[in-house]
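Each chain, letter by letter, is given below.
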Amino acid sequence: MNMQTANVMAPPPPRTLEDMKLSTVMMRDIVLKTMFRKNVDMVSDLSKAICLPIPVTQELVDMAREQRLLEATGTLNANNGNEMGYQLTEQGKARALDALSQSEYFGAMPVPLDVYREQVKRQSVRNMQITRDQLTGAMGHLVLPDMLLDQLGPAVSAGRSILMYGPPGNGKSSISNGIRDALGDNVFVPRAIEYAGQVITVYDPIVHAAVPMEEDDPTSLRRATKFDMRYVKCERPTVITGGELSLDMLDLVYNPTARTYQAPLQLKSTGGIFIVDDLGRQAEPPQSLVNRWIVPLEESKDILALQSGEKFEVPFDTLVIFSTNFHPNEIFDQAALRRIFFKIKIDGPNQENFLKIFAMVAKKRKMPLDEATLVHLLKVKYPEIDNIYANYQPIFLIDQMISICDFEGIPYQMSPDLIDRAWANMFVKDEHIVK
């Protein structure tokens, strides 16, 4: 996606208090709490702390002054373009403490949920058009059959749900990561959103990779704001969960001390990818997990609940990738399977692709190839397991041989004997099977 498109998606900065669509009391209280907690006394610093343009910040300061919650200190700061300083009055301090007792939240002004919905539409994962070249480029380190890319391409471009299934060790997780890399462009993630006077934090540095921003001239009072600074410009997010995923991780997280909420994983992944790896290994049955996603997947909206029990809708704009080693019919009923748009089987490589992977790994690990060893592997070892190849096996076998060479103190090499020793570690024999 080119930069022009990325700029069109940017949320416009608010120009006036009316543009904010938040209650004036909430905004005023966040200003007082921020000044109290961060000890800022100038409009330019306050504007950075609450992530609003200077004129809008000045409007809030003027409103608080009229209510005798703030007062000018009467000193101009020569280092900051002769800017006037402000401080909380006694009444302002009392109001700040009262507001903090109701909610500890201060700093970036939240984005109202309805305003955020518009931004989600502008940068929807469903607007993505991924080309074959982009997908091939992102999967370049994997040896995949062409037919697989034929299936993956339309699935990713549709921005709908994908189920990848097949035997373990064939790169379902690597393919998921490749899809993430193919997305390639940026989205705007709100630091926090507001619904019914409640603040829900969304931006999470663990999930979101912020894009470095150019610094504006700090001495300029008229900092040019290119987009609404209540958002952080990030790479499209990817949330990866595995066996630890539980249904309560998909609910709002309430912090009783701060009296604020944290967005659940699927809301943090808006505009990006949510990968449920190893489906079937969670404590919850796979059917329950998929049932939780049915409405969001079909209607592009999710339903969350506040502590009060009040339920409300949030956008659901995420490419969900389920990945499992089980056959879908073993873990889902037909109704659930119908709702997953694309079902893609990830099989092991054929012999030709297996050899390509083997040669690629050997080159990377600086292990010289040996024809007699490869013949022994293909003609003697693989027939023992019905010639079933898996993508993980070349790395496993070569790394095992490297470990043996290191231990024996010999140069890296492969031989039928070394392959036999490596092979013995790849499979555990069950001595108790009575045939």
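Heads up: the structure comes first, above all this text.
Residues numbered from 1 in each chain as written. Predicted model: local features only at pLDDT ≥ 70, side-chain atom pairs only at ≥ 80, totals over all residues. Heavy atoms only, no water.

Student: Looking at this structure, I do not really get the sheet that holds strand S7 (residues 198–201). What am I missing?
Tutor: Picture the strands of a sheet paired through backbone hydrogen bonds; they go either parallel or antiparallel. Read across the sheet, five strands follow the order S3-S6-S7-S11-S10 without closing on themselves; strand pairing throughout is mixed. The outermost strands of the open sheet, each flanked by one partner alone, are strand S3 (111–112) and strand S10 (253–255). Examined bridge by bridge, S3 and strand S6 (residues 192–195) share two bridges and lie parallel to one another. Counted as the bridge partner of Val111 is Ile193 from S6. (Pairing = 2+ DSSP bridges. Helix = DSSP H or I, 4+ residues; strand = E, 2+ residues; numbered from the N terminus.)

Student: What is the right way to look at helix H7 (residues 113–122) in this model?
Tutor: At 3.6 residues per turn, the α-helix brings residues three or four places apart onto the same side. The set of residues buried in H7 consists of Leu113, Tyr116, Gln119 and Val120. Buried residues of H7 fall within an arc of 110° about the axis and therefore sit on the same side. Exposed residues on H7 whose side chains face more than 90 degrees from its buried face are Asp114 and Lys121. On the buried face of H7, the contacting elements are S3, strand S5 (186–190), S6, strand S8 (231–235), helix H11 (265–268) and strand S14 (311–315). (Buried < 20%, exposed > 50% of the residue type's maximum accessible area, 1.4 Å probe, protein only. Arc of directions from axis to C-beta. Contact = heavy atoms within 4.5 Å.)

Student: How should I be thinking about the environment of Lys311 in this particular structure?
Tutor: Tracing the sequence through the fold places Lys311 in strand S14. For Lys311, the residues in contact, after removing those within four places along its chain, are Tyr195, Ile303, Leu304 and Ala305.

Student: How do you make sense of a negative patch on the surface when you look at a structure like this?
Tutor: On the surface, a cluster of negative charge is made up of Glu18, Asp19, Glu59, Asp62 and Glu66. Those elements giving two or more residues to the negative patch turn out to be helix H2 (17–20) and helix H5 (54–66). For the negative patch, the element with the most residues is H5, which contributes three residues. With respect to the secondary-structure elements, Glu66 resides in helix H5. (Patch = residues over 30% accessible without salt bridge, like charges linked within 9 Å, V, L, I, M, F, W, Y side chains within 5 Å. Areas by Shrake-Rupley, 256 points an atom, 1.4 Å probe, with all protein chains shown as cover. Salt bridge = Lys/Arg side-chain N within 4 Å of Asp/Glu carboxyl O. Lys, Arg positive; Asp, Glu negative; His and termini not counted. Charge placed at Lys NZ, Arg CZ, Asp CG, Glu CD.)

Student: I tried to follow the packing of aromatic side chains on my own but got confused; where do I start?
Tutor: For any pair of aromatic rings, geometry is given as the distance between the ring centres together with the angle between the planes. According to the stated counting rule, one finds twelve aromatic pairs in the structure shown. Ring geometry for Trp293 against Phe322: centres 6.4 Å apart, planes inclined by 85°, an arrangement best described as edge-to-face. On the criterion of sequence distance, the pair formed by Trp293 in helix H12 (residues 286–299) and Phe322 in strand S15 (residues 319–324) is long-range, its members being 29 residues apart. The same class applies to Trp293 as to Phe322, namely buried. Ring geometry for Phe354 and Phe358: centres 6.0 Å apart, planes at 40°, overall tilted. Here Phe354 pairs with Phe358, and both are found in helix H15 (residues 351–364), just four residues apart, close to one helical turn. As far as the burial class goes, Phe354 and Phe358 line up, both buried. The cationic tip of Arg160 hangs over the ring face of Phe341; the distance from NZ or CZ to the ring centre is 3.8 Å. (Phe/Tyr/Trp six-rings, centres within 6.5 Å; stacked < 30°, edge-to-face > 60°. Lys NZ or Arg CZ within 6 Å of the ring centre and 35° of its normal.)

Student: Could you clarify how one ought to interpret the packing of helix H9 (residues 146–158) against helix H10 (residues 172–183) in this entry?
Tutor: At a minimum axis distance of 12 Å, the contact between H9 and H10 shows a crossing angle of 55°. What the angle tells us is that H9 and H10 run oblique. Between H9 and H10 lies a crossing whose hand is right-handed. Residues Leu148, Leu152 and Val156 of H9 pack against Ile175, Ile179 and Leu183 of H10. Looking at the contact of H9 with H10 residue by residue, the class counts come to six nonpolar, no polar and no charged. (Axes fitted to C-alpha atoms, helices over the stretch in contact; angles between N-to-C directions. Parallel < 35°, antiparallel > 145°, perpendicular 65-115°, else oblique. Left-handed = near helix turned anticlockwise from the far one by under 90°. Nonpolar A, V, L, I, M, F, W, Y, C, P; charged D, E, K, R; others polar.)

Student: Honestly, the sheet that holds strand S16 (residues 342–345) in this entry has me stumped. Any pointers?
Tutor: Spatially, five strands are ordered S9-S12-S15-S4-S16 in an open sheet, and the strand pairing comes out parallel. Lying at the two open borders of the sheet, with one neighbouring strand each, are strand S9 (238–241) and S16. Within this sheet the neighbouring strands show an average axis-to-axis angle of 15°, counted without direction. The pairing of S9 with strand S12 (residues 273–276) spans four bridges and is parallel. Its bridge partner lying in S12, Thr238 is registered against Ile273.

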